[in-house]
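Listed here are the chains, written in short residue letters.
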Amino acid sequence: MPVSRPVDLTPDATGAVPPEQIRELLLRAEQKDLENDKQQRDYTYLERVEQHSLDGHGGVKKIESRTLEILEIYGEDVERLTARDDKPLSADEVKKEDDKIQKIIDKRKKESEGDRRKRLEKEEKGREEDRKFVLEVADAFNFRLIGSEVLDGYDTWVLEGEPRPGYEPKQRGAKILSKFKGRVWIDKVEAQWVKLDITAIDTISVGFVLARIHKGTHVVVELTRVNDEVWLPKHLQFHFDARVALFKSYDEDVEQTYRDYKKFRTHTRMTVVGEQ
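Residues numbered from 1 in each chain as written. Predicted model: local features only at pLDDT ≥ 70, side-chain atom pairs only at ≥ 80, totals over all residues. Heavy atoms only, no water.

Enquirer: Please explain the packing of helix 1 (residues 19–40) against helix 3 (residues 113–135) as it appears in this structure.
Expert: Packed helices, taken two at a time, are described by the angle between their axes plus the distance between the axes. Contact geometry for helix 1 and helix 3: axes closest at 9 Å, N-to-C directions at 155°. Overall, the two elements helix 1 and helix 3 adopt an arrangement that is roughly antiparallel. In terms of crossing hand, the pair formed by helix 1 and helix 3 is right-handed. Facing Glu-30, Asp-33, Leu-34, Asp-37 and Lys-38 of helix 1, the residues of helix 3 in contact are Arg-127, Arg-131, Val-134 and Leu-135. (Axes fitted to C-alpha atoms, helices over the stretch in contact; angles between N-to-C directions. Helix = DSSP H or I, 4+ residues; strand = E, 2+ residues; numbered from the N terminus. Parallel < 35°, antiparallel > 145°, perpendicular 65-115°, else oblique. Left-handed = near helix turned anticlockwise from the far one by under 90°. Contact = heavy atoms within 4.5 Å.)

Enquirer: What exactly am I supposed to notice about helix 2 (residues 91–109) here?
Expert: Given 3.6 residues per turn, any residue in an α-helix points the same way as the ones three and four places further on. If you check helix 2, its first and last C-alpha atoms are 27 Å apart, about what 19 residues at 1.5 Å a residue would give, namely 27 Å. What helix 2 keeps buried is the set Glu-97, Ile-101, Ile-104, Ile-105 and Arg-108. All buried residues of helix 2 project into a common sector of 100° when viewed along the axis, lining one side. Every exposed residue of helix 2 that faces more than 90 degrees away from the buried side is listed here: Ala-91, Asp-92, Lys-95, Lys-96, Lys-103, Lys-107 and Lys-109. (Expected span 1.5 Å × (residues − 1). Buried < 20%, exposed > 50% of the residue type's maximum accessible area, 1.4 Å probe, protein only. Arc of directions from axis to C-beta.)

Enquirer: Hey, could you run me through helix 3 in this one?
Expert: The terminal C-alpha atoms of helix 3 lie 32 Å apart, and with 23 residues this matches the ideal 33 Å at 1.5 Å per residue to within 8%. Its buried side turned inward, helix 3 meets helix 1, strand 3 (76–84), helix 2 and helix 4 (137–140).

Enquirer: What is the right way to read the side chain of Ser-53 from this model?
Expert: By the element assignment, Ser-53 lies in strand 1 (residues 43–54). For Ser-53, a relative accessible area of 14% gives the class buried. Ignoring anything within four residues of it in the chain, the contact list for Ser-53 reads Gly-59, Val-60, Lys-61, Lys-62, Asp-251 and Glu-252.

Enquirer: Even after reading the chapter, I still don't get the environment of Glu-160, so can you show me in this structure?
Expert: Within the element layout of this structure, Glu-160 appears in strand 6 (residues 154–163). Between the C-alpha atom of Glu-160 and that of Ser-90, which follows or precedes it by 70 residues, the distance is 47 Å. For Glu-160, the contacting residues outside a window of four places in its chain are Asn-142, Phe-143, Arg-144, Ile-146, Gly-182 and Arg-183. A distance of 2.7 Å separates polar atoms of two side chains, one belonging to Glu-160 and the other to Arg-144. Of note is the side chain of Glu-160, whose polar atom sits 2.9 Å from the side chain of Arg-183. (Polar contact = N/O pair within 3.5 Å; in protein donor to acceptor, adjacent residues only side chain to side chain.)

Enquirer: Sorry if this is basic, but what is going on with the nonpolar core here?
Expert: As a rule of thumb, soluble globular proteins bury nonpolar side chains together. In terms of nonpolar packing, the biggest core is built from 42 residues, with Leu-9, Leu-25, Leu-26, Phe-143, Leu-159, Ile-186 and Tyr-261 touching the most fellow members. Considering every element that reaches this core, the biggest residue donor is strand 12 (residues 230–244), with five residues. Those residues within four positions of Leu-159 in sequence are excluded, and the remaining contacts are Leu-9, Ile-22, Leu-25, Leu-26, Phe-143, Arg-144, Leu-145, Gly-182, Arg-183, Val-184 and Ile-186. Formed by seven residues, the second largest nonpolar core is a distinct cluster that contains Tyr-74, Val-78, Ile-104 and Ile-105. (Core = buried A, V, L, I, M, F, W, Y, C linked by side-chain atoms within 4.5 Å.)

Enquirer: Got a minute to help me understand the pattern of salt bridges in this structure?
Expert: It is possible for side chains bearing opposite charge to pair when their charged atoms get close. All told, the structure shown has 27 salt bridges when counted by the stated rule. Linking Lys-62 and Glu-64 is a salt bridge whose minimum nitrogen-to-oxygen distance equals 3.3 Å. On the basis of relative accessible area, Glu-64 is assigned to the partly exposed category, the value being 35%. Linked through salt bridges whose partners overlap, the residues forming this network are Glu-76, Arg-108, Glu-111, Arg-116, Arg-119 and Glu-123. (Salt bridge = Lys/Arg side-chain N within 4 Å of Asp/Glu carboxyl O.)

Enquirer: Whenever I open this one, the pairing of strand 5 (residues 141–151) confuses me. Can you help?
Expert: Each regular strand shows side chains that alternate between the opposite faces of the sheet. Sheet topology places strand 5 next to strand 6; ten bridges connect them, and they run antiparallel. Of the residues in strand 6, the one forming a bridge with Phe-143 is Gly-161. The hairpin turn running from strand 5 into strand 6, its antiparallel successor, is two residues long, and Asp-152 in that turn takes a positive phi close to 50°. (Pairing = 2+ DSSP bridges.)

Enquirer: How do you make sense of the packing of aromatic side chains when you look at a structure like this?
Expert: Aromatic ring pairs are reported here in terms of the distance separating the ring centres and the angle at which the planes meet. Within this structure, the stated rule accounts for five aromatic pairs. Taken together, a centroid distance of 6.3 Å and an interplanar angle of 85° make the contact between Tyr-43 and Tyr-261 edge-to-face. Remark: Tyr-261 occurs in strand 13 (residues 248–263) and Tyr-43 occurs in strand 1; sequence separation between them is 218 residues. Both residues of the pair, Tyr-43 and Tyr-261, count as buried. Each ring, one from Tyr-45 and one from Tyr-258, has its centre 6.1 Å from the other, and the planes form 55°; the classification is tilted. Here Tyr-45, found in strand 1, pairs with Tyr-258, found in strand 13; they are 213 residues apart in sequence, far enough to count as distant. When its relative accessible area of 11% is taken as the criterion, Tyr-45 is described as buried. According to the relative accessible area criterion, Tyr-258 is buried, its value standing at 15%. (Phe/Tyr/Trp six-rings, centres within 6.5 Å; stacked < 30°, edge-to-face > 60°.)

That's the geometry; what it means functionally is another story.
Now the structure itself:
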């Protein structure tokens, strides 16, 4: 894959980097993110989710973990549970997971061409909305360069972003962008973001006020380069502090790790899963 010309963040006479240079870097990073999203659908991988439930004083009262194999079957992302609390599943649980996968395969095999096309078009529409959301980031924040840092051997620019006053989002879902601030690390050569660290600066209402994500909710996302062709999730960590339906509260530290990325060809993957 050819490497495009790096974006040079050169300070002007005042010592600040012109906004148009930072914007060019962000737009390039957004485009790379969209390319990664498309290529990720060519991979299976393992995802481990560890949840620390906290008490009213911030102490850990319960720890649970799940390990999932993420598959794609007939264009649909499917999760297969492989371990709970880092212990293998029982024979009955394995059969239950296998039956679930087989049920999905059988359902998709019976799907008419028309229904399949409608389903895939609906899924692509959802991805298109996600892409539009990503493309609003460069406009929704005021970014400034705060330095450089080497992450996993990659030399990165470190940018800090604050919500842009008066910004009017182009789509409804982008309204939440004004509720966050944070930093992003972008590889200097590829214009690829490799780390994101954001914090909620205000309460966020979700689902017509049925849930509220509180100020201070913190998220860190890190990517890794796979097969020298794509950047995919490596680590996600966040503190989730929310109240649902104004009654039930959730206060958790969650950590997700991703590993064992394996590329497959769609038609061969379907056959392998079906045989299982």
